[in-house]
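What follows is each chain in one-letter form.
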Amino acid sequence: QVQLVESGGGLVQPGGSLKLSCAASGSIFNIYTMGWYRQAPGKQRELVAVITSGGSTNYAGSVKGRCTISRDNGKNTVYLQMNSLKPEDTAVYYCNVIWGPGGSRQSWGQGTQVTVSS
């Protein structure tokens, strides 16, 4: 079994910051990419940011310049630092990990709520 445990969500005022964390544990090996997706009410899940095992990153245009994704390979943990948050960033944020032989497996976290409101 593979577990992805997310933390760091919450309520923040516009312009504020949050840092999300996701730790992978269990029978997980050969982690390729680690990333964050989000889903707002009534909308499809969308990519926020992803980071490869080599440290290459990719961001959604809507968060570029405001968010930074990083990972600690020794801890199988991925982080998302979010700054200058906007109400439209409100969503459930999900951790995603591609792992296994040739990146053939995918796991999702349970989601953590981020609410940006005054």
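For the structure itself, consult the block above.
Residues numbered from 1 in each chain as written. Predicted model: local features only at pLDDT ≥ 70, side-chain atom pairs only at ≥ 80, totals over all residues. Heavy atoms only, no water.

**Brief notes about the overall build of the protein chain**
Within the protein chain one finds 0 helices and 11 strands. In terms of C-alpha radius of gyration, the protein chain reaches 14 Å, essentially the compact-globule figure of 13 Å for 118 residues. Projecting the C-alpha coordinates of the protein chain onto the three principal axes gives extents of approximately 45 × 25 × 25 Å. By the burial criterion, 42% of the 118 residues in the protein chain qualify as buried. If you average the places of the 10 positive and of the 5 negative side-chain charges in the protein chain, the two averages end up 4 Å apart. (Helix = DSSP H or I, 4+ residues; strand = E, 2+ residues; numbered from the N terminus. Rg over C-alpha atoms; globule rule 2.2 N^0.38 Å. Buried < 20%, exposed > 50% of the residue type's maximum accessible area, 1.4 Å probe, protein only. Lys, Arg positive; Asp, Glu negative; His and termini not counted. Charge placed at Lys NZ, Arg CZ, Asp CG, Glu CD.)

**Quick word on the pairing of strand S3 (residues 18-26)**
Summarising the sheet, strand S1 (residues 2-7) and S3 pair through 6 bridges and their orientation is antiparallel. Residue pairing for S3: Ser7 is matched across the bridge by Ser21. Pairing analysis gives 6 bridges linking S3 to strand S8 (residues 77-82), with the strands arranged antiparallel. Following the sheet pairing, Cys22 is matched in S8 by Val78. (Pairing = 2+ DSSP bridges.)

**Details of unusual backbone geometry**
Not every positive phi belongs to a glycine, and Asn30 is a case in point at roughly 50°. Here Asn30 lies in the loop between S3 and strand S4 (34-39). Exposure remark for Asn30: the relative accessible area of 47% places this residue in the partly exposed category. In this structure, Asn76 takes a positive phi of about 50° despite not being glycine. Within the element layout of this structure, Asn76 appears in the loop between strand S7 (67-72) and S8.

**Observations regarding the sheet that holds S3**
The 4 strands lie next to each other as S1-S3-S8-S7, forming an open sheet whose pairing is antiparallel. Looking at strand neighbours, the two that pair on one side only are S1 and S7, the edges of this open sheet. Across the sheet, the mean angle from the axis of one strand to that of its neighbour is 15°, orientation sign disregarded. In this structure, S7 lies alongside S8, joined through 6 bridges in antiparallel fashion. Across the sheet, Thr68 pairs through a bridge with Gln81, a residue of S8. (Axes fitted to C-alpha atoms, helices over the stretch in contact; angles between N-to-C directions.)

**Considering the state of the cysteines**
Applying the stated criterion across every chain yields a total of 1 disulfide. Two residues, Cys22 and Cys95, share a disulfide whose sulfurs are 2.1 Å apart. Taking the sign of the S-S torsion, -80° for the link of Cys22 and Cys95, the bridge is left-handed. Of the two residues, Cys22 sits in strand S3 while Cys95 sits in strand S9 (residues 91-99), which places them 73 residues apart along the sequence. The closest cysteine sulfur to the non-disulfide-bonded Cys67 is located on Cys95, 15 Å from its own sulfur. By relative accessible area, Cys67 is classed as buried at 7%. (Disulfide = S-S within 2.5 Å.)

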